[in-house]
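Spelled out from the first residue to the last, the chains are:
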Amino acid sequence: MKMKYDVVVLGGGAAGMGAVLGAKENDASVLLIEREASTGGVLNQCIHTGFGLQVFKTELTGPEYHEIYKDKMGNFDALYETMVLSIDFDNNRMKAMNSNGIHDIEYGAVVLATGARERPFESLRIPGTRPAGIFTAGLAQKFVNLENHLPGHRAIIVGSGDIGMIMARRLTLEGVEIEGVYEIMPYPGGLTRNIAQCLEDFNIPLHLSTSVIKIHGKKRLEGVTVAKFENGAPLKESERFVECDTLVASVGLIPENDLVKRKIEMGSDEGIFVDDLMRTNYENVFACGNNVCIHDLVDFATVEGEMAGRNAALVAKGVKLPSRVGLLSPKEGIRVVSARYTTATEPFKIYIRVDRPMEIATVNVNGKAIKAAVNARPSEMIEVTLDPKKYNLKGKVELSAKGVKR
Amino acid sequence: MKTIEMTCIVCPIGCDLKVTLDDTGKFLSVKGNRCPKGEIYARDEVTDPKRVLTSSVKVINGKMPLASVKTDKTIPKRLIKDAMIIIKSTKVTAPVKIGDVIVENILNTEANVVATRSVKAS
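Model, not experiment: these values are computed from the prediction.

Procedures and definitions
- Residues numbered from 1 in each chain as written.
- Chains lettered and ligands numbered in written order.
- Predicted model: local features only at pLDDT ≥ 70, side-chain atom pairs only at ≥ 80, totals over all residues.
- Heavy atoms only, no water.
- Salt bridge = Lys/Arg side-chain N within 4 Å of Asp/Glu carboxyl O.
- Helix = DSSP H or I, 4+ residues; strand = E, 2+ residues; numbered from the N terminus.
- Buried < 20%, exposed > 50% of the residue type's maximum accessible area, 1.4 Å probe, protein only.
- Contact = heavy atoms within 4.5 Å.
- Buried area = accessible area lost by both parts, 1.4 Å probe.
- Core = buried A, V, L, I, M, F, W, Y, C linked by side-chain atoms within 4.5 Å.
- Pairing = 2+ DSSP bridges.
- Axes fitted to C-alpha atoms, helices over the stretch in contact; angles between N-to-C directions.
- Phe/Tyr/Trp six-rings, centres within 6.5 Å; stacked < 30°, edge-to-face > 60°.
- Arc of directions from axis to C-beta.

**As for the pattern of salt bridges**
Residues and elements named next belong to chain A. Enumeration according to the criterion identifies 28 salt bridges over all chains in this entry. Residue arginine 93 is joined to glutamate 106 by a salt bridge in which the shortest nitrogen-to-oxygen separation is 3.6 Å. In this pair, arginine 93 is assigned in strand 7 (residues 93–98) and glutamate 106 in strand 8 (residues 101–112), connecting sequence segments 13 residues apart. When its relative accessible area of 26% is taken as the criterion, glutamate 106 is described as partly exposed. Arginine 154 is the salt-bridge partner of glutamate 177, the closest N and O atoms lying 2.5 Å from each other.

Right, here's the structure in full:
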């Protein structure tokens, strides 16, 4: 089938839903293309609370956030259970496929809101066998919260990311014994509040600087060997066998950009480089949410999505948006910056991550401190507003973070 | 008097709280909270800790096998195990609508267990 829309949004999670609404509110014709049978993305399986404080000013569970936001969106055209096969960015067309066949879609602007996938357990390269019983945290979450399957009876969690800790609590409530959470880094990977409410509440031990060094079991996982790590190497004398039939890996997320690789500019962490208008290296292609960088809060993805949708609608209608004039360049102390280019027109928010825990971190623009963050941790994003009236955001703009003692 | 440190879990901001107690362990004051909810949290945490419980219940004749649920108020942490026993044995028949009361006044806590998603009938 042939179709034509002002704005086509790829992915119907929090960011994509925001983009659909943002484009609709600016009178664009919008098509959403979503791989699953419904909108919401990972929100549907995140049945815990902690969502919506920024967007709805109230604390919601993931499914509530999804349903309330969906009501706000009203009606829109969508292709569900549909995959985009390729995008021809030079001719503004894409090919998508579903059970009705192949669709040729012409667009005025595109919003990429494809989110992230889980870093696979295999990426840890742990020696031993490869039996059944090893899951990523999000997959275990889908089984338990959407499909009513229990992954096992006695589990360990590898990695202390938020989803891993949330699954430690969830599995405990469902009767699975969680032997412990193992984190190779000397500091936790997730939010402090999740250590409190997911682990400490249920007396689940968190082992820092410790990880799995061997997998045991033929058909089903029978146990793992864990060891303390020092200077990146396991300590022989600290080795310990842990009996378990389930391993849940929570070792990070990777922006999902396979479809647009080599066409859209992105960093070594596979996040798309956008400017302060959420625009990519094509003037009619926008990106938002976790395919730009991995966010702490779903609310941030929604806000970015709404902006991307709004700007996509403007471009589709022939409005010329301001050009890029500056490059945000992360230097010492900074691991992640959400936006990489500036138009230096309006004040805008960026999110950064420091590269190590700091008691107090000063965030610096071109060496000048503009914000201090107390208890800065890599796991917690710092929100920074960059105002072109206050700082020079043209040319190369260096962002850095310095640890200051209290 | 003594001071204990804790992280507020009311919202994802996660304020670092310093709670001062008297010698009998009674709550005196809290510092570090950025909103009034932090004070209530700290007070509860040193007397009778409370949590919102989220889980899911089985759905009969639904498009999905489960509907996610939460307690619409916090309940005492010590009752979570008992509340889970009730939630696990609860079944509802589709359609389920977001906000539907699934278990009323669970364990006399004055909190209702409510649906956090809609599930259509199959």
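**A short note on the interface of chain A and chain B**
Contact with chain A, which involves 29 residues of that partner, is made by 28 residues of chain B. Regarding the contact of chain A and chain B, the summed buried area is about 2400 Å², with carbon and sulfur atoms giving 55% of it. Looking at the side of chain A facing chain B, the largest losses of area belong to Glu67(A), Leu173(A) and Arg193(A), adding up to 23% of the total buried there. If you look at where chain A meets chain B, you find four salt bridges.

**A short note on the nonpolar core**
If you look at the biggest cluster of nonpolar residues, it comprises 83 residues, and the most contacted ones within it are Met94(A), Leu112(A) and Ile350(A). The greatest single-element share of this core, amounting to seven residues, is contributed by helix 1 (residues 14–24) of chain A. Aside from chain neighbours lying at most four places away, what touches Leu112(A) is Leu10(A), Ile87(A), Val260(A), Ile264(A), Ile272(A), Val285(A), Phe286(A), Ala287(A), Cys288(A) and Asn291(A). Within the second largest apolar cluster, 21 residues are counted, among which are Val59(B), Val69(B), Ala83(B) and Ile102(B).

**A short note on the sheet that holds strand 13 (residues 206–207) of chain A**
Sheet strands associate in pairs through backbone hydrogen bonding, adopting either a parallel or an antiparallel arrangement. All names here are of chain A. Across the sheet, five strands lie side by side as 10-18-11-12-13; this open sheet has parallel pairing. Edge positions in the sheet fall to strand 10 (134–136) and strand 13, since each of these pairs with one other strand and no more. Both strand 12 (residues 177–182) and strand 13 contribute to a ladder of two bridges, which runs parallel. Bridging from a neighbouring strand, tyrosine 182 pairs with histidine 207 of strand 13. Here helix 4 (residues 162–173) sits on the sheet and contacts strand 11 (154–158), strand 12 and strand 18 (246–249); the angle it forms with strand 12, its principal contact strand, is near 170 degrees.

**Topic: the packing of aromatic side chains**
Each aromatic ring pair is specified by the distance between its two centres and by the angle formed by the two planes. Residue and element names in this part refer to chain A. Within this structure, the stated rule accounts for five aromatic pairs over all chains. Aromatic pair phenylalanine 56 and tyrosine 65: ring centres 5.2 Å apart, planes at 80 degrees, arrangement edge-to-face. As far as the burial class goes, phenylalanine 56 and tyrosine 65 line up, both buried. Aromatic pair phenylalanine 135 and phenylalanine 143: ring centres 5.9 Å apart, planes at 85 degrees, arrangement edge-to-face. By relative accessible area, which is 12% here, phenylalanine 135 ends up buried.

**Looking at helix 3 (residues 137–145) of chain A**
Helical periodicity: at 3.6 residues per turn, an α-helix aligns residues three or four positions apart in one direction. Along helix 3 of chain A, the residues that are buried comprise Ala137(A), Gly138(A), Ala140(A), Gln141(A), Val144(A) and Asn145(A). The buried side chains of helix 3 of chain A occupy one side of the element, clustering within an arc of 160 degrees when seen end-on. Looking at the buried residues of helix 3 of chain A, the elements they touch are strand 9 (116–118), strand 10, helix 4 and strand 18 of chain A together with strand 6 (66–71) of chain B.

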